[in-house]
Amino acid sequence: MKYLCLVYGEEQKIGEMDDHKCLAWDHELRARGQCVASEALEPVATATTVRVRNGRLSVTDGPFAETKEQLAGFYLIEARDLNEAIQIAAKIPPAEVGCVEVRPIRPIREHARAGARLE
Amino acid sequence: MPAADFNRRLEAVYQSESRAVLATLIRLLGDFDRAEEALHDAFRAALEKWPEQGMPENPRAWLVSAGRFRSIDQLRRQARFDSFDPLAHDVADGTTAAADDDDPSVTDDRLRLIFTCCHPALAPDAQISLTLREVCGLTTEQIAQAFLTPVPTLAQRIVRAKAKIRDAGIPYEVPAAAELAERLETVLRVIYLVFNEGYTASSGTELMRLDLASEAIRLGRLLIEMLPDTEALGLLALMLLQDSRRAARASAAGELIVLEEQDRSLWNRKQIEEGSALVRRALSSRRFGPYSLQAAIAAVHCEASSATETDWNEIVYLYDLLLRMETTPIVELNRAVAVAMRDGPAAGLALVDDLLAQGDLAGYRLAHAARADLCRRLGRNAEARDAYLRALALVQLEPERQFLQRRLGELAGG
């Protein structure tokens with residue numbers, strides 16, 4: 001299964017982390033063939049939010065939600081199941097100062113739904 | 001065989017085997033809902049076939065293969081209509097695990113089920129509901145009633161938990177050795193929460209809800225049968241010892257009776273013996289934790305013929321050990337009460353007042369009740385009255401309210 005590991009944290013603490021430590025884990029995961037994609041993000045001050053309502057474009061500064069912990073980067077990984085995904089997420093270095101949200105990828109290409117989602 | 005006899009025997013098979021059959025079907029079919037449906041189909045088949053063919057030698061194996069067969073049959077028919085259902089293809093092709101009842105993993109299925117229901121990625125409420133539903137086989141209605149939750153809320157909680165297991169890829173497995181200790185902690189916590197909900201309902205009119213306490217003890221027994229971990233032994237001991245006082249804990253009118261005033265002849269000796277033996281086993285392993293220590297404290301209480309005959313020195317010592325593992329204000333409060341019994345109420349009151357001054361226990365009814373009791377023993381009635389009133393303002397459980405009210409009334413009279 002594919003999981004997206006979203007790395008959150010206070011920007012100052014994330015900024016103080018050693019990039020080489022993060023890159024080492026990234027290399028290891030890629031060497032094992034379990035990393036589909038991974039990137040670190042520029043600080044949230046550089047973010048722009050885009051919306052389209054009734055055909056009109058609205059562009060605003062900053063992120064959608066105001067929180068102390070910001071999205072700082074992501075790993076798209078390949079894992080056998082949630083337990084393996086948790087083990088991988090636990091080794092992402094910023095997990096020690098922030099947190100990692102582990103989300104399963106919805107196989108949208110295989111199971112495309114028509115119309116509204118029924119829950 | 002007469003119909004009534006047959007129904008009784010089938011009912012007995014359901015009681016003893018249905019959870020184990022379900023646990024194996026979940027592994028074979030890879031899906032909770034499909035397995036539950038298959039379980040029902042298997043018992044429907046038994047109801048048809050067993051009266052003519054006689055009861056099979058191994059009902060569990062018969063039920064597993066009947067359930068699996070029917071589910072696969074249904075999946076094959078469905079697969080002609082569904083454009084894509086990978087699991088349906090796997091199951092129908094037999095690429096998922098094969099049913100082999102001599103396979104040692106079959107005995108592990110119930111353990112897999114417990115660890116899956118108590119997976120830390122599920123919310124605590126969901127862990128409890130799912131465990132009672134799937135491992136204990138209680139109905140949604142029974143669980144809703146036990147937790148004073150509306151049935152639709154509880155049903156929704158279970159549906160969401162199963163959806164998360166499926167969609168987030170929570171595996172059906174016993175955790176690897178490296179993760180076992182941590183994962184077991186969650187399982188033990190779920191069992192103890194179920195027990196506590198049954199033992200002292202957090203709100204409502206009945207002091208004890210028998211079913212949940214018994215279910216928790218049953219879960220504890222099932223767990224140590226498969227995984228005799230020290231803390232699992234300790235937890236079972238703790239539950240047995242606390243539950244042994246069940247008959248003595250409430251008056252006929254439903255009022256709480258505190259340990260000191262309980263009629264100890266009503267305590268369940270058999271459970272005390274079993275619990276004490278488990279405590280000794282747990283403590284001798286030297287890898288014991290907080291559950292084993294709490295059980296050891298309960299055992300000291302249970303083995304004493306009265307409150308004054310209790311070995312309070314031993315209890316204070318055990319609380320000291322417990323505090324080294326879990327420094328919580330509630331453990332400190334319990335230790336203070338034991339110190340009061342050993343060294344007198346003034347020594348206990350000094351400790352309780354220190355704890356209250358730290359602020360964490362200001363909203364905890366039992367801290368004020370303990371202070372009230374110690375002041376009462378010291379003849380400081382005005383302070384005792386204030387503390388009883390504070391405790392009464394925080395109490396939610398009716399039997400406790402009655403008890404505190406009576407003590408307050410006695411103060412006014414004395």
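Residues numbered from 1 in each chain as written. Chains lettered and ligands numbered in written order. Predicted model: local features only at pLDDT ≥ 70, side-chain atom pairs only at ≥ 80, totals over all residues. Heavy atoms only, no water.

Draft legend 1. Main features of the overall build of chain A. Counting its regular elements, chain A contains three helices and six strands. Its helices and strands taken in sequence order, chain A reads β-α-α-β-β-β-β-α-β from the N to the C terminus. Referenced to the eigenvectors of the C-alpha coordinate spread, the extents of chain A come out at roughly 45 × 35 × 20 Å. Within the span of chain A, comprising 119 residues, buried residues form 28% of the whole. Considering only contacts in chain A between residues 6 or more positions apart, those separated by 24 or more positions represent 73%. Accessible surface, chain A as shown: approximately 8,300 Å² in total, 54% of it carbon and sulfur. Of note, chain A has its 16 positive side-chain charges centred 8 Å away from the centre of its 19 negative side-chain charges. (Helix = DSSP H or I, 4+ residues; strand = E, 2+ residues; numbered from the N terminus. Buried < 20%, exposed > 50% of the residue type's maximum accessible area, 1.4 Å probe, protein only. Contact = heavy atoms within 4.5 Å. Areas by Shrake-Rupley, 256 points an atom, 1.4 Å probe, with all protein chains shown as cover. Lys, Arg positive; Asp, Glu negative; His and termini not counted. Charge placed at Lys NZ, Arg CZ, Asp CG, Glu CD.)

Draft legend 2. Just the side chain of B:Thr149, in detail. All names here are of chain B. With respect to the element layout, Thr149 can be found in the loop between α7 (140–146) and α8 (151–167). Given a relative accessible area of 16%, Thr149 falls into the buried group. What Thr149 contacts, discounting residues up to four positions off in sequence, is Ala144, Leu154 and Arg157.

Draft legend 3. Helix α6 (residues 124–135) of chain B, seen in detail. All names here are of chain B. Between its first and last C-alpha atoms α6 spans 16 Å; for 12 residues at 1.5 Å apiece the expected length is 16 Å, and the two agree. Within α6, 10 of the 12 residues are buried, leaving the element largely enclosed by the surrounding structure. Those residues of α6 lying buried are Ala126, Gln127, Ile128, Ser129, Leu130, Thr131, Leu132, Arg133, Glu134 and Val135. After α6 finishes, the residue Gly137 shows a positive phi value of roughly 75°. (Expected span 1.5 Å × (residues − 1).)

Draft legend 4. Representation of the pairing of strand β3 (residues 48–53) of chain A within the structure. All names here are of chain A. Strand direction decides the pairing type here: β3 and strand β4 (residues 56–61), joined by six bridges, are antiparallel. Following the sheet pairing, Val50 is matched in β4 by Val59. Connecting β3 to the antiparallel partner β4 that follows it, the hairpin turn spans two residues, and Asn54 within it adopts a positive phi of roughly 50°. (Pairing = 2+ DSSP bridges.)

Any functional reading would require information that these geometric values do not contain.
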